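Chain and residue survey
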Amino acid sequence: MQGILERIGLFTLHIFEKVGVLSLLFLETLRQLPKIQRKLTIAQMAHLGVNSLPIVSLTLLFAGMVMTLQIVDILLRYGAQSTLGGIMSVAMGRELGPILTGVVVAGRVGAAMTAELGTMKVTEQIDALRCMAVNPVAYLVVPRFAACITMVPLLAFYGYIIGTAGGYAVAILSAGLTHFTYMNSIEMFTEVSDVVYGLIKAMFFGGIIALVACHEGMTAKSGAEGVGQATTRSVVTSIIFIFICNYLLSIILY
């Protein structure tokens, strides 16, 4: 029992240590934000946004289809099939869209950022930037942070549309619902705030992914093994903080 409590305590201390370090990096990023380099930011936005469209499309499309497939039988059993579109729209707008997009971006883009910066750290390129009087936070972190907080909400909105469309396809083709029933349900039960608050969540998730990835990359240990460990830590830590942040934001926003 004592060993279990010690592990829980160490994990809790580790979480608070990460929060503190990331908070300091966030403040430094805000301080360097006026020095943002537009070309680097646009390149990161293209890498983060456009190149992530295929995996976001597949993930949200099949998530919407599977969720509809699971709940449509229950709704039909109780004669509540007219609420299917609204349920899917609210679920995608509030939770599934932002969460799944955040997890996908953390796995794809966060890992790539960490590996890139970790390689720069190992090969002493970050030290070279300091020698040239270039602030690494302004040159490396700020463009990635700005790209993430801009593109992740856009990807989440795109995922919301794709996921709802996937639910529509299953509802029409498998459950026999009409187009009017599904779309009218969305209009009746979905409010603008359901989608807007989801996009606010996605913006926070994007900031978390960028800060965690940049921190882990810039503090990676030497060698290929160190970069690999930093990449793993980046993805795991980002996903943990995304779920914690999602819970806190759900309390505040809803």
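Structural notes, computed from the coordinates.

Conventions adopted
- Residues numbered from 1 in each chain as written.
- Predicted model: local features only at pLDDT ≥ 70, side-chain atom pairs only at ≥ 80, totals over all residues.
- Heavy atoms only, no water.
- Helix = DSSP H or I, 4+ residues; strand = E, 2+ residues; numbered from the N terminus.
- Buried < 20%, exposed > 50% of the residue type's maximum accessible area, 1.4 Å probe, protein only.
- Core = buried A, V, L, I, M, F, W, Y, C linked by side-chain atoms within 4.5 Å.
- Contact = heavy atoms within 4.5 Å.
- Salt bridge = Lys/Arg side-chain N within 4 Å of Asp/Glu carboxyl O.
- Patch = residues over 30% accessible without salt bridge, like charges linked within 9 Å, V, L, I, M, F, W, Y side chains within 5 Å.
- Areas by Shrake-Rupley, 256 points an atom, 1.4 Å probe, with all protein chains shown as cover.
- Axes fitted to C-alpha atoms, helices over the stretch in contact; angles between N-to-C directions.
- Left-handed = near helix turned anticlockwise from the far one by under 90°.
- Nonpolar A, V, L, I, M, F, W, Y, C, P; charged D, E, K, R; others polar.

**With respect to the environment of Glu28**
Inspection of the secondary structure puts Glu28 in helix 1 (residues 2–32). Classification of Glu28 by relative accessible area gives partly exposed; the value is 22%.

**A few points about the nonpolar core**
One finds Leu48, Leu84 and Val105 to be the most contacted residues of the largest nonpolar core, which totals 52 residues. Secondary structure elements with two or more residues in this core: helix 1, helix 3 (53–77), helix 4 (84–122), helix 5 (125–131), helix 6 (136–173), helix 7 (179–189), helix 8 (192–218) and helix 9 (223–253). Among the elements that make up this core, the one with the highest residue count is helix 6 (13 residues). Among residues more than four places away in sequence, those in contact with Leu48 are Val105, Val109, Ala147, Cys148, Met151, Val152 and Leu155.

**Regarding the pattern of salt bridges**
The tally for this structure, following the rule as stated, stands at seven salt bridges. Among the ionic pairs, Glu95 bridges to Lys201, the shortest N-O distance being 2.6 Å. Of this pair, Glu95 sits in helix 4 while Lys201 sits in helix 8; the two residues are 106 residues apart in sequence, bridging distant segments of the chain. One salt-bridge network, held together by shared partners, links Lys18, Glu216 and Arg233.

**Details of unusual backbone geometry**
Positive phi is not limited to glycine here, since Glu124 has a value of about 65°. Following the sequence through the fold, Glu124 ends up in the loop between helix 4 and helix 5. Located in the positive-phi region is Ala133, a residue other than glycine, with phi close to 60°. Considering the arrangement of structural elements, one finds Ala133 in the loop between helix 5 and helix 6. The class for Ala133 is exposed, based on a relative accessible area of 73%.

**A word on a nonpolar patch on the surface**
Together, Leu24, Phe26, Leu27, Leu30, Leu33 and Ile36 give the surface a local cluster of nonpolar side chains, amounting to about 510 Å² of exposed area. Examined against the element boundaries, Leu27 turns out to sit in helix 1.

**Re the packing of helix 4 against helix 6**
Their axes nearest at 7 Å, the elements helix 4 and helix 6 cross at an angle of 145°. The handedness of the crossing between helix 4 and helix 6 comes out as right-handed. Residues of the contact of helix 4 with helix 6, tallied by class, amount to 15 nonpolar, seven polar and two charged.

**As for the side chain of Thr68**
As for its position among the elements, Thr68 is in helix 3. Beyond its immediate chain neighbours, meaning those up to four positions away, Thr68 contacts Leu84, Met88, Gly167, Val170 and Ala171.

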